[in-house]
Amino acid sequence: MKEKILLHICCAPCATAVLENLRADGYEVTGCFYNPSIHPWKEFKRRLDALKEWAPSVKLPVIYHEEYPLEDNIKMLLNGDNRCFSCFSDRMKKTAELASEMGIELFTSTLSVSPYQNHKLLKEAGKIAAAQYDILFAYMDFRSSYKRSIELSRSFGMYRQPYCGCVFSERDRYLKVKSPGQI
Ligand code: SF4
């Protein structure tokens, strides 16, 4: 029997190559879209819709969290010492909670395909969330598949976003500076 894994999906382009890898490794994958930090709402909706369009074509079941608690999210990003760690922690906690409710003992994230994310912070956030729900975070370094994710997303004609997600990353992208969780 295939091992089940819950995959936190930050966006459809990143999910393409990660799904390919996980299925090649024999996992039964379910997706979880939870990314309330994406700003503005139109951008959030655009990424959500891109995933909704693609997932059925590869028979990927996805649980969508479409709530958009803007005030809470901005407070969360402003509060911690490192907003990217807060953002990763929030997303990993929600995914771990869902995995636990679904009886899935393992989860991971498409964030690990990006060479621009801070993998050390992601790993730490995932491990803390996993411990809270007594399940396992599978840190998998998919960075070698980043180019493949670009190829696949282009072949599907997907929308590819120009910045990580939050309003700070949108500013940083155009001012050409790094967000705290970016490398
Ligand atoms: S740059 Fe990305 S990871 Fe960091 S807080 Fe913004 S959306 Fe989250």
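Refer to the structure above for everything that follows.
Residues numbered from 1 in each chain as written. Predicted model: local features only at pLDDT ≥ 70, side-chain atom pairs only at ≥ 80, totals over all residues.

### Brief notes about the pairing of strand β2 (residues 27–33)
Consideration 1: Of the pairings in the sheet, the one linking strand β1 (residues 3–9) to β2 comprises 7 bridges and is parallel in character. Residue pairing in the sheet places Ile5 in a bridge with Val29 of β2.
Consideration 2: With respect to chirality, the unit in which β1 leads through helix α1 (residues 12–24) into the neighbouring parallel β2 is right-handed. (Pairing = 2+ DSSP bridges. Helix = DSSP H or I, 4+ residues; strand = E, 2+ residues; numbered from the N terminus. Right-handed = clockwise from strand over helix to strand, strands pointing away.)

### Describing the sheet that holds strand β5 (residues 136–137)
Consideration 1: Taking strand neighbours across the sheet as the criterion, the 5 strands line up as β3-β2-β1-β4-β5 in an open arrangement whose pairing is parallel. Taken across any chain shown, the strands that pair with only one partner, and hence form the sheet edges, are β3 (62–64) and β5.
Consideration 2: Here α1 sits on the sheet and contacts β1 and β2; the angle it forms with β2, its principal contact strand, is near 155°. (Contact = placed C-beta atoms within 7 Å. Axes fitted to C-alpha atoms, helices over the stretch in contact; angles between N-to-C directions.)

### Topic: the nonpolar core
Consideration 1: In terms of nonpolar packing, the biggest core is built from 43 residues, with Leu7, Ile9, Cys11, Ala15, Val18, Leu51 and Phe107 touching the most fellow members.
Consideration 2: Where this core is concerned, the elements lending two or more residues are β1, α1, β2, α2 (41–54), α4 (83–102) and α5 (119–133).
Consideration 3: Broken down by element, this core gets its largest block of residues, 7 residues, from α1.
Consideration 4: Apart from the residues within four sequence positions on either side, Leu7 is in contact with Val18, Leu22, Val29, Thr30, Gly31, Cys32, Thr108 and Thr110. (Core = buried A, V, L, I, M, F, W, Y, C linked by C-beta atoms within 7 Å. Buried ≥ 20, exposed ≤ 12 C-beta atoms within 10 Å, placed from the backbone.)

### What about the site of the ligand?
Consideration 1: Near the ligand, the surroundings consist of 12 residues, among which Cys84, Cys87, Cys164, Gly165 and Cys166 are the closest.
Consideration 2: Across the shell around the ligand, the residue classes tally to 6 nonpolar, 5 polar and 1 charged. (Near = placed C-beta within 6 Å. Nonpolar A, V, L, I, M, F, W, Y, C, P; charged D, E, K, R; others polar.)

### Examining the pairing of β1
Consideration 1: For β1, the tally of buried residues reaches 5 of 7 residues, placing the bulk of the element in the interior.
Consideration 2: As paired strands, β1 and strand β4 (residues 106–109) are joined by 3 bridges and run parallel to one another. Bridge pairing links Leu6 to Phe107 in β4.

### Topic: α5
Consideration 1: Under the 1.5 Å per step criterion, the end-to-end length of α5 is 21 Å for 15 residues, consistent within 8% with the ideal 21 Å.
Consideration 2: By the burial criterion, the buried members of α5 are Leu121, Leu122, Ala125, Gly126, Ala129 and Ala130. One side of α5 carries all its buried residues, which in axial view fall inside an arc of 160°. Exposed and oriented more than 90 degrees from the buried face of α5 are Lys120 and Ala131.
Consideration 3: On its buried face, α5 sits against α4, β4 and β5.
Consideration 4: Just downstream of α5, Asp134 is the residue with a positive phi angle, here 55°. (Expected span 1.5 Å × (residues − 1). Arc of directions from axis to C-beta.)

### Considering the environment of Leu111
Consideration 1: Locating Leu111 in the fold gives a position in the loop between β4 and α5.
Consideration 2: Its 28 C-beta neighbours within 10 Å are what place Leu111 among the buried residues.
Consideration 3: Spatially, the C-alpha atom of Leu111 lies 9.9 Å from that of Met140, the residues being 29 residues apart in sequence.
Consideration 4: Each residue touching Leu111, except ones within four places of it in the same chain, is listed here: Cys10, Gln117 and Leu122.

### Thoughts on unusual backbone geometry
Consideration 1: The omega torsion across His39 and Pro40 is -10°, close enough to zero to call that bond cis.
Consideration 2: Located in the positive-phi region is Lys59, a residue other than glycine, with phi close to 55°.
Consideration 3: Topologically, Lys59 is positioned in the loop between α2 and β3.
Consideration 4: On the basis of neighbour counts, which here come to 7 C-beta atoms within 10 Å, the residue Lys59 falls in the exposed class.
Consideration 5: Phi at Asp134 is positive, roughly 55°, even though this residue is not glycine.
Consideration 6: Within the element layout of this structure, Asp134 appears in the loop between α5 and β5.

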